[in-house]
Amino acid sequence: MTFNDESWKKLESKLPAGERISACLIFPELSRRLYAGLDSSKQRHLLIPLSENEEEYNDSKSRGLTITTRDLVVLGFEVKRYIDITCHEDSGYIVFDIIGKEIAEKLDSGKSKEVI
């Protein structure tokens, strides 16, 4: 039940080109709605798929993180809207992983409004 540097290294071995993100479920035993991803610049992402009735969320004021809503194709499925939380500072990786676990726990507990 840990997603750590080894997990990120596995994603790094599948580093995408261009504007793509390589992604996998981060804590499948906790949630089937949270993906971890790496882009071609090796920036870490947490991706949360949104249903049609869920609101978009954007925040660029947080230090070291940005949160945007955008359309992505994950694991070859159809285009879907995702909340994309991006970590911009290497020094924040440990906290970013902890945030990911807390998000996974809340997503499947029916507390998705409290996630962000």
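Above this text sits the structure in question.
Residues numbered from 1 in each chain as written. Predicted model: local features only at pLDDT ≥ 70, side-chain atom pairs only at ≥ 80, totals over all residues. Heavy atoms only, no water.

## Considering the overall build of the protein chain
Next, step 1: Secondary structure assignment for the protein chain yields 2 helices and 5 strands.
Next, step 2: Burial statistics for the protein chain: of 116 residues in total, 39% are counted as buried.
Next, step 3: Here the protein chain has roughly 7200 Å² of accessible surface; of this, 48% comes from carbon and sulfur atoms. (Helix = DSSP H or I, 4+ residues; strand = E, 2+ residues; numbered from the N terminus. Buried < 20%, exposed > 50% of the residue type's maximum accessible area, 1.4 Å probe, protein only. Areas by Shrake-Rupley, 256 points an atom, 1.4 Å probe, with all protein chains shown as cover.)

## Quick notes on the packing of aromatic side chains
Here a ring pair, both rings aromatic, is described through the centre-centre distance and the interplanar angle of the planes.
Next, step 1: Inspection of the entire model under this criterion finds 1 aromatic pair.
Next, step 2: When the centroid spacing of 6.4 Å and the interplanar angle of 75° are considered together, the rings of Tyr35 and Tyr82 count as edge-to-face. One end of the pair, Tyr35, is in strand S2 (residues 35–39); the other, Tyr82, is in strand S5 (residues 80–87), with 47 residues separating them in the sequence. Each member of the pair, Tyr35 as well as Tyr82, is classed as buried.
Next, step 3: The lysine or arginine in question, Arg44, covers the ring of Tyr93, its NZ or CZ lying 3.6 Å from the ring centre. (Phe/Tyr/Trp six-rings, centres within 6.5 Å; stacked < 30°, edge-to-face > 60°. Lys NZ or Arg CZ within 6 Å of the ring centre and 35° of its normal.)

## Re the pairing of strand S1 (residues 21–25)
Next, step 1: A large share of S1 lies buried, amounting to 4 of its 5 residues.
Next, step 2: Of the pairings in the sheet, the one linking S1 to S2 comprises 5 bridges and is antiparallel in character. Paired with Cys24 across the strands is Ala36, a residue of S2. (Pairing = 2+ DSSP bridges.)

## Things to note about the sheet that holds S5
Next, step 1: The strand order across the open sheet built from 5 strands is S1-S2-S3-S5-S4, with neighbouring strands paired in antiparallel fashion. Each end of this open sheet is capped by a strand with a single partner; those strands are S1 and strand S4 (65–72). Pairs of neighbouring strands in the sheet enclose a mean axial angle of 30°, with direction left out of account.
Next, step 2: Here 6 bridges tie strand S3 (residues 44–49) to S5, and the two strands are oriented antiparallel to one another. By the bridge assignment for S5, Leu47 is matched with Asp84.
Next, step 3: Lying over the sheet, helix H2 (residues 93–107) contacts S3, S4 and S5, oriented at roughly 10° with respect to S3. (Axes fitted to C-alpha atoms, helices over the stretch in contact; angles between N-to-C directions. Contact = heavy atoms within 4.5 Å.)

## Some details on unusual backbone geometry
Next, step 1: Here Lys42, not a glycine, exhibits a phi torsion of approximately 65°, which is positive.
Next, step 2: By secondary structure assignment, the location of Lys42 is in the loop between S2 and S3.
Next, step 3: For Lys42, a relative accessible area of 39% translates into the label partly exposed.

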